[in-house]
Amino acid sequence: MGTVAGFIGNKLARYLAQPSHHHGTGPATDQTHLLACVQLADVILVEGTSRFSTAIKYLTQSTWSHAALYVGMRVLRLGEAPEPCFLEADVVAGVRLVGVEEFAGYHVRICRAAGLDEAERALVVAFALSRLGAQYDLRNVIDLARYLLPTPPVPIHFRRRMIAFGSGDPTRAICSTLVAQAFQSVNYPILPVITHTLSHAPDCQGCIDEILTIRDHHLFVPRDFDVSPYFAVIKPMLENGMSAIAATRHAVSISNSIESSIGM
């Protein structure tokens with residue numbers, strides 16, 4: 001029974017991982033611009049186009065469907081020189097390292113944890129790398145089947161829970177669990193639950209205590225890094241200065257000129 005479920009689960013996962021006919025909300029990010037500004041332990045948010053991605057973006061009401069972590073220069077292929085590498089959790093391949101070409105043609109954004117020193121960033125990366133090679137049990141067919149419906153009729157306040165509730169290994173692979181765990185390993189906040197209570201301190205009558213509760217890492221989704229007050233949002237084109245913007249404006253100007261000539 002397990003073998004049959006595993007076979008069906010593998011086929012289903014590969015089907016869901018295929019691109020769907022969906023256009024992104026933003027232009028593809030130039031890989032050169034991305035590499036020019038990425039730093040160790042940066043979170044890379046990706047606007048995916050797979051069937052998985054469509055469902056995740058709907059459930060989270062967000063542009064972003066996938067998160068990866070920049071882990072620095074690593075040997076990606078035996079016998080080749082180190083190159084910039086990113087760690088991601090893929091539902092079919094498991095936790096793996098990929099090169100920047102993995103994001104070719106996609107709209108991406110960088111989210112950078114503020115206030116982390118070099119040693120802490122290295123610890124975040126080390127935690128993520130310790131999970132390298134982990135495979136996911138694809139026998140949980142019911143877990144995978146929830147993504148067959150790209151826009152499930154789920155009330156807004158239940159959508160985040162739908163991703164985590166009752167989920168098996170496949171869902172843990174496509175959510176932002178691994179990246180969230182890596183930052184929580186150094187006690188870095190992402191999007192904590194904040195509550196306010198009256199202080200009981202005798203020397204501070206009327207004061208308010210702010211209590212931050214760490215959210216369960218299973219409940220994190222890619223958009224959380226984008227909206228987190230503790231992560232800076234980096235747009236690669238802007239980080240590369242006015243030269244990139246000037247080049248884009250020049251290309252638009254040429255395009256407009258050609259269209260005007262054709263119209264005449």
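Refer to the preceding data block for the structure.
Just so you know, these numbers come straight off a predicted model, no measurement behind them.

A. Structural detail: the layout of surface pockets. In this structure, the largest pocket occupies an estimated 470 Å³ of space. Forming the boundary of the largest pocket are 20 residues, of which Ala17, Ser50, Ser53, Asp90 and Tyr106 lie nearest the centre. In the lining of the largest pocket, the residues fall into 10 nonpolar, six polar and four charged. Of the pockets and cavities examined, the second largest pocket occupies roughly 220 Å³. Along the walls of the second largest pocket sit Pro27, Ala28, Thr29, Asp30, His33, His107, Val108, Arg109, Lys235, Pro236, Met237 and Leu238, which together make up its complete lining. In terms of residue class, the lining of the second largest pocket is made up of six nonpolar, three polar and three charged.

B. Spatial organisation of unusual backbone geometry. Of note in this structure, Ala41 is not a glycine but carries a positive phi near 70 degrees. Along the chain, Ala41 turns up in the loop between helix H2 (31-37) and strand S1 (43-47). With relative accessibility at 0%, the residue Ala41 sits in the buried group. The backbone phi angle of Asn187 is positive, close to 60 degrees, even though this residue is not glycine. Among the secondary structure elements, Asn187 is positioned in the loop between helix H8 (177-184) and strand S6 (193-198).

C. Representation of the sheet that holds strand S2 (residues 66-74) in the model. The strand order S4-S3-S2-S1-S5-S8 describes an open sheet built from six strands, whose pairing is antiparallel. What marks the edges here is a single partner per strand, and that holds for strand S4 (94-98) and strand S8 (231-234). Taken over all neighbouring pairs, the strand axes of this sheet differ in orientation by 30 degrees on average, direction set aside. As judged from the five bridges shared by S1 and strand S5 (residues 107-113), these two strands associate in the antiparallel manner. Looking at S5, one finds that Leu45 is bridged to Arg109. Set on the sheet, helix H4 (residues 118-129) makes contact with S2, strand S3 (83-90), S4 and S5; between it and S2 the angle comes to about 105 degrees.

D. Seen up close, the environment of Ile110. Inspection of the secondary structure assignment puts Ile110 in strand S5. Judged by relative accessible area, which is 0%, Ile110 ranks as buried. Placed 64 residues apart in sequence, Ile110 and Val46 show a C-alpha to C-alpha distance of 9.1 Å. Setting aside chain neighbours within four positions, we find Ile110 in contact with Leu34, Cys37, Val38, Asp42, Val43, Ile44, Ala232, Val233, Ile234 and Pro236.

E. Representation of the nonpolar core. Ranked by internal contacts, the top residues of the largest apolar core, which has 32 residues, are Val43, Leu69, Val124, Phe183, Ile190, Phe225 and Phe231. Elements with a minimum of two residues in this core: S1, S2, S3, S4, S5, H4 and H8. The biggest single contributor to this core is H8, with five residues. Excluding residues that lie within four positions of it along the chain, Val43 makes contacts with Ala67, Ala68, Leu69, Arg109, Ile110, Cys111, Val179, Phe183, Phe225 and Phe231. Core analysis: the next-biggest nonpolar cluster, separate from the first, contains 14 residues, Leu34, Cys37, Ile44 and Val98 among them.

F. Representation of the pattern of salt bridges within the structure. Taken as a whole and assessed by the stated rule, the structure comprises eight salt bridges. With a shortest N-O distance of 2.9 Å, Asp42 and Arg112 are connected by a salt bridge. Separated by 70 residues along the polypeptide, Asp42 in the loop between H2 and S1 and Arg112 in strand S5 bring together distant segments of the chain. By the burial criterion, Asp42 is buried, and Arg112 matches it. A salt bridge links Arg77 to Glu101; its shortest N-O distance comes to 3.1 Å. On the criterion of sequence distance, the pair formed by Arg77 in the loop between S2 and S3 and Glu101 in the loop between S4 and S5 is long-range, its members being 24 residues apart. Its relative accessible area of 39% is what places Glu101 among the partly exposed residues.

G. Just the pairing of S3, in detail. Within S3, six of the eight residues are buried, which leaves it mostly tucked inside the rest of the structure. Between S3 and S4, which pair antiparallel and follow one another directly, the connecting turn spans three residues.

H. Local environment of H8. Extensive coverage of H8 is indicated by the burial of seven of its eight residues. Within H8 the residues assigned to the buried category are Thr177, Leu178, Val179, Ala180, Ala182, Phe183 and Gln184.

About the criteria used
Residues numbered from 1 in each chain as written. Predicted model: local features only at pLDDT ≥ 70, side-chain atom pairs only at ≥ 80, totals over all residues. Heavy atoms only, no water. 1 Å grid on protein atoms, 1.4 Å probe; cavity = no way out; pocket = protein on both sides within 12 Å on 5 of 7 lines; lining within 4 Å. Points joined across faces, edges and corners; volume = space filled by probe spheres on them. Nonpolar A, V, L, I, M, F, W, Y, C, P; charged D, E, K, R; others polar. Helix = DSSP H or I, 4+ residues; strand = E, 2+ residues; numbered from the N terminus. Buried < 20%, exposed > 50% of the residue type's maximum accessible area, 1.4 Å probe, protein only. Pairing = 2+ DSSP bridges. Axes fitted to C-alpha atoms, helices over the stretch in contact; angles between N-to-C directions. Contact = heavy atoms within 4.5 Å. Core = buried A, V, L, I, M, F, W, Y, C linked by side-chain atoms within 4.5 Å. Salt bridge = Lys/Arg side-chain N within 4 Å of Asp/Glu carboxyl O.

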